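# Survey of secondary and tertiary structure
Here are the chains, one letter per residue:
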Amino acid sequence: MTKHEIPKKHPRFESLRTRECIIDGMHQKIVAEAGLIAHGRGEAFDYILGEKTPEFALRQEIFAVVTMLVAQHPVISVNGNVAALCPKEIVNLSEALEAPLEINLFYRTEEREAAIKEVLMKAGAESILGIDPSYQNTITEISHLRRIVDTRGIASSDCVFVPLEDGDRTIALRKLKKDIVTVDLNPISRTSLTSTVSITNNITRAVVEMTEFVNEFKDYSRSKLLEEKNRYNNKDLLQEALQFMSSRLLKLANEGNIFENL
Ligand code: ATP
Ligand code: MG
């Protein structure tokens, strides 16, 4: 529940609403303190993007969805920020893709795991990986608690969706030869640069759009999915993201009305 009422007509209603979700998530022990800082970094990039989904991001989302649809065992990794921002939407994506949800935390505590599990169950999740100690395995490439993964999930997966992920973990998972799909508003973060597919969009928009694409593509044959997948290249799409952001700023700087957002 949000503590402050934000008028719906406020020009930046959606941004303020998601900020409240993150703050509430922190009070409910779902979001780590560092999650607030990560969210602020994302907000800054979203402001540059114009706080709506550009066309190139839709193509990144199609690339992501077909990559997960051709995978043998896709898994969706959930952290505190994802659980606070879009619990229902991530559960819907998991159901559409038939890919399990796995709680995987940078700042792992039992309290946070339980809080995230609760929010996902309330959102309709039937089972959640990553918390039962009898299925824990470790990724030696990653130090500390972040290395713990579920043997039924990330450990045996060939494709992991890791939205809002840290660069070190992304690089470690890539070393294990897994396909990595991410959502990260920063197109030059280490996560964006090292993932197989990077979506430069706000997770609150991206996950809903991805679910729509799953429903559009899921009856395609494997060869048609592979054909679709081969149309895209992550580096080219990231360059498009940077071109979009920089030309939007240049346009505002050179000719645009800088008061357009007021
Ligand atoms: P890296 O570790 O990949 O080099 P980093 O250390 O800057 O990057 P982290 O805090 O590790 O970033 O990861 C969080 C990432 O998630 C950031 O790049 C941030 O821009 C992005 N992010 C935060 N909130 C959102 C959001 N709502 N939607 C999409 N991306 C977001
Ligand atoms: Mg990082």
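Provided above is the structure to which this section pertains.
The present account deals with the structure reproduced in this document. Along each chain, the written sequence defines residue order, and numbers are assigned to residues from 1. Lettering of chains starts at A and numbering of ligands starts at 1, both following the order in which they are written. Selection of residues for local features in this predicted model requires a pLDDT of at least 70, selection of side-chain atom pairs for listing and counting requires 80 or more, and totals for whole chains, interfaces and linings are taken over all residues. The side-chain figures draw on all heavy atoms in the structure; neither hydrogens nor water molecules are used.

### Quick notes on the side chain of glutamine 60
Positionally, glutamine 60 belongs in helix 3 (residues 55-70). Relative accessibility decides the category of a residue: with a 1.4 Å probe and only protein chains considered, values under 20% of the type maximum give buried, values over 50% give exposed, and everything between is partly exposed. Among the residues examined, glutamine 60 registers a relative accessible area of 0% and is labelled buried. Should any heavy atoms of two residues lie within 4.5 Å, those residues are counted as being in contact. Glutamine 60 has contacts with Val197, Ser198, Ile199, Thr200, Leu237 and Leu238, leaving out every residue within four places of it along the chain. We count a stretch as a helix when DSSP gives it H or I for four or more residues in a row; a strand needs E for two or more, and each element gets its number in order from the N terminus.

### A short note on the site of ligand 1
The environment of ligand 1 is made up of 18 residues, and the closest members are Arg41, Asp166, Gly167, Asp184 and Thr191. Pairs of N or O atoms within 3.5 Å make up the polar contacts considered here, provided that, within protein, one atom can donate a hydrogen while the other can accept it, and that residues adjacent in sequence are counted only when both atoms are side-chain atoms. Within the side chain of arginine 41, an N or O atom sits 2.7 Å from an oxygen atom of ligand 1. Note that an oxygen atom of ligand 1 is positioned 2.7 Å from one of the side-chain N or O atoms of aspartate 184. Of all the secondary structure elements, the ones that give two or more residues to the shell around ligand 1 are helix 2 (33-49) and helix 8 (190-194). Counting residues per element, the shell around ligand 1 draws most heavily on helix 2, which supplies four residues. The near set for a molecule or strand comprises every residue that places at least one heavy atom within 4 Å of it.

### Things to note about the pattern of salt bridges
Salt bridges are defined as contacts in which a side-chain nitrogen from Lys or Arg sits within 4 Å of a carboxyl oxygen from Asp or Glu. A complete count under the given rule lists 14 salt bridges for this structure. Residues glutamate 55 and arginine 59 are paired through a salt bridge, measuring 2.8 Å at the closest nitrogen-oxygen approach. Of this pair, glutamate 55 and arginine 59 both sit in helix 3, four residues apart, roughly one helical turn. On the accessibility criterion, arginine 59 (22% relative accessible area) is partly exposed. Residue arginine 108 is joined to glutamate 113 by a salt bridge in which the shortest nitrogen-to-oxygen separation is 2.4 Å. Taking the relative accessible area as the measure of exposure, glutamate 113 reaches 9% and is therefore buried. Taken together, the salt bridges that share partners define one network made up of Glu55, Arg59 and Glu240.

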